[in-house]
Amino acid sequence: MKISGIIGVIVITFIVIFIAAITFAHVESIREEQNQKKDQSIQGTITSIQQNSTIKLDKETVSFWTVTLTDRETSESTQYQMIFKGTYPPHQGLDLRFYYSKIMKDNSEYLLISQIEQVETS
């Protein structure tokens with residue numbers, strides 16, 4: 001009778017440790033993903049946005065857009081080729097931050113936009 005109680009305590013302890021390890025791994029992966037998202041972002045005011053053409057991406061044809069962003073402080077403009085997957089292309093004149101991952105396709109660099117945030121203007 002005493003042995004089955006001890007075995008029960010040991011089994012429950014292992015179950016608790018297992019669940020804690022899975023929870024820790026999941027929380028760490030979320031934290032790491034958020035840190036990467038902060039590193040890969042660009043921001044600016046959209047001064048021009050045009051739909052260009054389509055490319056094959058993961059056996060799917062997607063449209064890419066040429067977006068010109070202007071930095072509010074320096075007034076420098078930079079043009080990017082963006083693919084909006086899971087988001088919608090924004091309107092011209094908005095001050096936004098784009099979170100992206102880079103994709104190389106046919107010797108061209110595209111930014112795969114995963115999230116868009118509006119930047120507070122002061």
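Look above for the structure.
> Outline a nonpolar patch on the surface, supporting the account with residue identities and numerical values.
Side chains of Ile3, Ile7, Val11, Ile15, Phe18, Ile19 and Ile22 sit close together on the surface and give an oily, nonpolar patch of about 690 Å² of accessible area. Locating Ile22 in the fold gives a position in helix 1 (residues 2-39).

> So, the packing of aromatic side chains: which residues are in play, and what are the values?
To describe a pair of aromatic rings, one takes the distance between the centres and the angle between the planes. Tallying each qualifying case throughout the model produces 3 aromatic pairs. An angle of 65° between the planes, with centres 5.1 Å apart, marks the rings of Phe64 and Tyr110 as edge-to-face. Note that Phe64 is positioned in strand 2 (residues 60-70) and Tyr110 in strand 5 (residues 108-118), a separation of 46 residues in sequence. Classification of Phe64 as buried rests on a relative accessible area of 9%. When the centroid spacing of 6.4 Å and the interplanar angle of 55° are considered together, the rings of Phe84 and Phe98 count as tilted. Linking Phe84 in strand 3 (residues 77-84) with Phe98 in strand 4 (residues 95-105), this pair joins segments that are 14 residues apart in sequence. Assigned by exposure class, Phe84 and Phe98 land together as buried. Chaining the aromatic ring pairs together yields one cluster made of Trp65, Phe84 and Phe98.

> Could you give me a rundown of the pattern of salt bridges, with the residues and numbers involved?
If you walk through the whole model with that rule in mind, you get 4 salt bridges. Among the ionic pairs, Arg31 bridges to Glu28, the shortest N-O distance being 2.9 Å. Placement of both Arg31 and Glu28 in helix 1 is noted, with a separation of 3 residues, approximately one turn of the helix. Note on Arg31: relative accessible area 40%, which makes it partly exposed. Glu28 sits in the partly exposed class, given a relative accessible area of 28%. One salt bridge in this structure joins Glu60 and Lys85, with 3.5 Å as the shortest N-O distance. Taken together, the residues Glu60 in strand 2 and Lys85 in the loop between strand 3 and strand 4 connect sequence positions 25 residues apart. Judged by its relative accessible area of 38%, Glu60 is partly exposed.

Rules used throughout
Residues numbered from 1 in each chain as written. Predicted model: local features only at pLDDT ≥ 70, side-chain atom pairs only at ≥ 80, totals over all residues. Heavy atoms only, no water. Patch = residues over 30% accessible without salt bridge, like charges linked within 9 Å, V, L, I, M, F, W, Y side chains within 5 Å. Areas by Shrake-Rupley, 256 points an atom, 1.4 Å probe, with all protein chains shown as cover. Salt bridge = Lys/Arg side-chain N within 4 Å of Asp/Glu carboxyl O. Helix = DSSP H or I, 4+ residues; strand = E, 2+ residues; numbered from the N terminus. Phe/Tyr/Trp six-rings, centres within 6.5 Å; stacked < 30°, edge-to-face > 60°. Buried < 20%, exposed > 50% of the residue type's maximum accessible area, 1.4 Å probe, protein only.

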